[in-house]
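Coordinates in review
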Amino acid sequence: MRVLRVALDVPLPRLFDYALPEGLVAEAGDRVVVPFGSRQRVGVVVERAARSEIPAAKLKSVIGVRDDAPRLSADWLELMRFLAGYYQRPLGETVISSLPPRLRSLLPLPRDPEPFYRRADAAAQPEALRAGRKRALLEALHGGARSAEALLGALGGKRSAARAALRELLRAGRIEACAPQAGTRFVVGHELSAQQQAAFARIDAAQNNFRPFLLHGVTGSGKTEVYLHLAAGVLARGAQALILVPEIGLTPQLEARFRHAFPEARIAVMHSALEDATRTAAWLAAARGEAGIVLGTRLAVLAPLPRLGLVVVDEEHDTSFKQQEGLRYSGRDAAVVRAKLAGCPVVLGTATPSLETWFNCRAGRYELLELRHRASPGALMPAVRIVDLRREAAEQGLSPSLSAAIGERLARGEQSLVFINRRGYAPVLACEACGWAAGCARCSARMVLHSADRRLHCHHCGAEQPIPRACPTCGNADLRAVGRGTQRVEETLAASFPGARIVRIDRDSARRRSELTRTLAGIRDGAADILVGTQLLAKGHDFPQLTLVGVLNADSALVSTDYRAAERLFATLEQVAGRAGRRERPGEVLVQTRYPEHPLFAALVRHDYAGFAASQLAEREAAGFPPFVSEAALRAEARQLDTVMAFLRHAAGLLPTPEEVRIYDPVPSVITRRADYERARLLVQSRSRPALQAFLAAWREALDDAAPKGLRWHLDVDPIEFD
Ligand code: ADP
Ligand code: ZN
Ligand code: ZN
């Protein structure tokens, strides 16, 4: 008998056996239609077997085989097996959750998504038209067919207007749709400098071999330019390049650069905010090998890429690469595995490598390539000044030094960025008479005061409520907003610099992606004098007129109990500092702190990542933290903290602990209650990764039976968050 083991989109942690009837052909990697309960479903064949443990009479048969998408390759299934094993999740769930929803539904797949256009005939001369959008479109088609995306992008301006012009040309018969073309023409933006060329040559020489590189380049050193040159080689060889970025917000500008550099290539963009049809289309273009460039957030690493020739992970240190639910994989680590399976080079690029990656370089597992200078002619690294808040009294959070520096920039028509990593107006609303502070009813956390809607928000569970008129405990009507977030800083700046154009960028102001993209473009064009923002502004952006960065509250991370806090703070500060002075005009960074003598700042002033990393690694080694040990967390949550703690204590003793493995005592999470669930975790460590892996696999099965009703738990391998 021919038996197929099938992964299905159902909440049961196993594969399902089906008989393959005579006349049907199906291999591992095919999508099949099968009966499940009273319905039909689409599943993925993970493997074939000669027999099943289910009696033949009860074994149901496959109904049909879907051939509208390419068969998932053995390589891809291998990647799934690795991820399921390493991150301790069921294989079926891993396979299913890695596919766009459409691929696991009974709906037909969309037709070719990305239309290409070409001039209808040679007579369709642009000169025949008045200067304007339509003429620009025809001119853009001079070199041959181009995709709608590339065309609209080339035109710039309002997309709806560009689209309308395109439609009119179509209706007038001047242009026509055609099959997708994959040209490899490369429009060189900059010839590589000597340091870029050296890095490029090392990576390019590895083209048909698995080799991991760390491209450690200071902010603005031209790493992206190196990726573009590498991608050009990959396209010319007929292979595919996979480019990963940590956040959706960074995809539009990178996509624009790639489309500009490769006007004829098919570029598939993948991230979680795409509409179903668009996402499916991008996935198909990648899986069929038609897209030469696949660009996206971590989930793009899960797309099948039959001709993969290069993997790039930009901003590899960014914690957004780690998925925080379901399959808790690291997109960066998966990318390295991916390159290994495909036998191609992988480039991890960043100005501030994660200590794990730096350690891998030190150990000789990754090759280190350095870009020490900024690429743009005349651009220098920004000067960093530490402002001692014990000597200079800040007014409403702004020190006199910072205020003066902003004033100078305004006078010179340059931009300033004020960085504060907290959104809202004030993190605490308190009563000074009795000490009451507004807390969330569902979380062990304070409510944050927001001025835009004049309400209190919980940043942990999303709860909202009106601002109370008086203290609920003592009736005092004089409640105080304590501390500050972006909204309050915006208010202060508006009062200090009347007339200045101030733009605030945080998750509240940037609810809609299209809006954010437009705002960022406006800033690049000079439509703002002062930017106030969180992390969202720190990463990757290139604002030519920005010459000053002020950092308001860096100190909380310095006193954190999380051993990764310093690493993250250094990366954030170096990143945000990296926004300043990216062109001829020099940049300056002012960091306000009460701990000016902290060694982290000394390293920051010298832009000395290596020195900082060395001291951090020494501390980690002494304390027995990663990357010197491997870690996993067992997290649990339930309505009662007692239930959670009892489960974790029981879990710790479920199996005899192997000698190389160490299990720590359970501890409640920092925000113990979130959305009415009490949460705690326990940590497992080992100097031997295989020993840890073997223990986790056995432990997971035992835990399945040990968990009481109403308690949720999961394992997180290589955890990075301890909130
Ligand atoms: P990174 O990715 O390291 O932040 P980018 O590739 O974005 O750096 O380059 C920073 C700036 O320098 C960009 O404006 C880019 O156009 C410019 N640039 C990059 N490479 C060169 C080069 N070889 N010559 C001149 N300018 C360059
Ligand atoms: Zn009170
Ligand atoms: Zn809450």
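Just so it is clear, the structure is predicted and the values come from calculations on it, not from any experiment.

**What about the packing of helix 7 (residues 223-236) against helix 8 (residues 251-261)?**
In contact at an axis separation of 11 Å, helix 7 and helix 8 are set at 45 degrees when each is read in the N-to-C sense. On the basis of the axis angle, helix 7 is oblique to helix 8. Considering only the axes of helix 7 and helix 8, their crossing is right-handed. Where helix 7 abuts helix 8, its residues T224, E225, Y227, L228 and A231 lie against L254, R257, F258 and A261. Residues that form the contact of helix 7 with helix 8 fall into these classes: six nonpolar, one polar and two charged.

**Notes on the coordination of the zinc ion (ligand 2)**
Protein-derived coordination of the zinc ion (ligand 2) comes from C431 (SG), C434 (SG), C471 (SG) and C474 (SG), at a distance range of 2.2 to 2.3 Å. The coordination sphere of the zinc ion (ligand 2) comprises four donor atoms, whose angles at the metal cover 103 to 118 degrees; the geometry is tetrahedral. Coordination of the zinc ion (ligand 2) draws on donor residues from a single chain, spaced C-x2-C-x36-C-x2-C in sequence. Residue classification places C431 among the buried positions, given a relative accessible area of 2%.

**Let's talk about the packing of helix 1 (residues 74-86) against helix 10 (residues 331-342)**
At a minimum axis distance of 10 Å, the contact between helix 1 and helix 10 shows a crossing angle of 145 degrees. Crossing angle aside, the handedness with which helix 1 passes helix 10 is right-handed. Residues D75, W76, E78, L79, F82 and L83 of helix 1 form the contact with helix 10, whose participating residues are A334, V337, R338, L341 and A342. The residue makeup of the contact of helix 1 with helix 10, split by class, is eight nonpolar, no polar and three charged.

**Observations concerning the pattern of salt bridges**
Evaluation of the coordinates by the stated rule reveals 50 salt bridges. The residue E370 makes a salt bridge to R372 at a minimum N-O spacing of 3.3 Å. The exposure class of R372 is exposed, given its relative accessible area of 55%. Taking the shortest distance from any N to any O, the salt bridge between R455 and E464 comes out at 2.9 Å. A relative accessible area of 28% places R455 in the partly exposed class. Through salt bridges with shared partners, a single network forms among R385, E408, R409, R412, E414, R585 and E588.

**A closer look at the nonpolar core**
One finds W283 and W699 to be the most contacted residues of the largest nonpolar core, which totals 116 residues. For W699, the residues in contact, after removing those within four places along its chain, are L634, A651, A652, L654, L655, L682, V684 and L715. In this structure, A199, A206, L254 and L310 belong to the second largest nonpolar core, which totals 34 residues.

**Regarding the sheet that holds strand 3 (residues 31-36)**
If you walk across this open sheet you meet the five strands as 2-1-4-3-5, and the pairing is antiparallel. Bordering the open sheet on either side are strand 2 (16-19) and strand 5 (64-66), each of which pairs with just one other strand. For this sheet the average axis-to-axis angle between neighbouring strands, irrespective of direction, equals 50 degrees.

**Regarding helix 16 (residues 565-577)**
The end-to-end C-alpha separation of helix 16 is 18 Å, in line with the 18 Å expected for 13 residues at 1.5 Å each. Of all 13 residues making up helix 16, twelve are buried, and the element is well covered by its neighbours. Here helix 16 has its buried residues at A565, A566, E567, L569, F570, A571, T572, L573, E574, Q575, V576 and A577.

**Details of the coordination of the zinc ion (ligand 3)**
The zinc ion (ligand 3) binds to the protein through C440 (SG), C443 (SG), C458 (SG) and C461 (SG); the donor distances cover 2.3 Å. For the zinc ion (ligand 3), the four donor atoms are set out with angles of 105 to 113 degrees between them, so the coordination reads as tetrahedral. In terms of primary sequence, the donors binding the zinc ion (ligand 3) are separated according to C-x2-C-x14-C-x2-C. Relative accessible area serves as the criterion here: at 8%, C440 is assigned to the buried category. Residue C443 is classed as buried on the basis of its relative accessible area, which comes to 2%.

**Focus on the site of ligand 1**
Around ligand 1 sit 17 residues in total, of which E191, Q196, K223, T224 and R257 are the nearest. Contact distances for ligand 1 include 2.7 Å between an oxygen atom and a side-chain N or O atom of R257. Among the elements that line the shell around ligand 1, the one with the most residues is helix 7, at three residues. Its residues placed into classes, the shell around ligand 1 shows two nonpolar, eight polar and seven charged.

**What about the packing of aromatic side chains?**
Within the structure shown, the criterion is met by eleven aromatic pairs. Taking the centre distance of 5.3 Å and the plane angle of 85 degrees together, the rings of F16 and F36 count as edge-to-face. Of this pair, F16 sits in strand 2 while F36 sits in strand 3, placing them 20 residues apart in sequence. Owing to a relative accessible area of 6%, F16 belongs among the buried residues under this scheme. Through successive ring pairs, a cluster of aromatic residues spans W358, F570, Y609 and F612. Sitting over the ring of Y677, R712 keeps its end group 4.0 Å from the ring centre.

**Some details on the environment of L308**
Looking at where L308 falls in the secondary structure, it is placed in strand 13 (residues 308-314). Looking at L308, the relative accessible area reads 9%, which means it is buried. For the pair formed by L308 and P596, sequence separation is 288 residues and the distance between their alpha carbons is 48 Å. In this structure L308 touches Q240, L242, R338, A342 and C344, once residues within four positions along its chain are discounted.

Cut-offs used in this document
- Residues numbered from 1 in each chain as written.
- Chains lettered and ligands numbered in written order.
- Predicted model: local features only at pLDDT ≥ 70, side-chain atom pairs only at ≥ 80, totals over all residues.
- Heavy atoms only, no water.
- Axes fitted to C-alpha atoms, helices over the stretch in contact; angles between N-to-C directions.
- Helix = DSSP H or I, 4+ residues; strand = E, 2+ residues; numbered from the N terminus.
- Parallel < 35°, antiparallel > 145°, perpendicular 65-115°, else oblique.
- Left-handed = near helix turned anticlockwise from the far one by under 90°.
- Contact = heavy atoms within 4.5 Å.
- Nonpolar A, V, L, I, M, F, W, Y, C, P; charged D, E, K, R; others polar.
- Donors = N, O, S within 2.8 Å, 3.2 Å for Na, K, Ca; no water.
- Tetrahedral: all angles 85-135°; square planar, octahedral: opposite > 155°, others 65-115°.
- Buried < 20%, exposed > 50% of the residue type's maximum accessible area, 1.4 Å probe, protein only.
- Salt bridge = Lys/Arg side-chain N within 4 Å of Asp/Glu carboxyl O.
- Core = buried A, V, L, I, M, F, W, Y, C linked by side-chain atoms within 4.5 Å.
- Pairing = 2+ DSSP bridges.
- Expected span 1.5 Å × (residues − 1).
- Near = heavy atom within 4 Å.
- Polar contact = N/O pair within 3.5 Å; in protein donor to acceptor, adjacent residues only side chain to side chain.
- Phe/Tyr/Trp six-rings, centres within 6.5 Å; stacked < 30°, edge-to-face > 60°.
- Lys NZ or Arg CZ within 6 Å of the ring centre and 35° of its normal.

Purely spatial values, then, with no claim about function.
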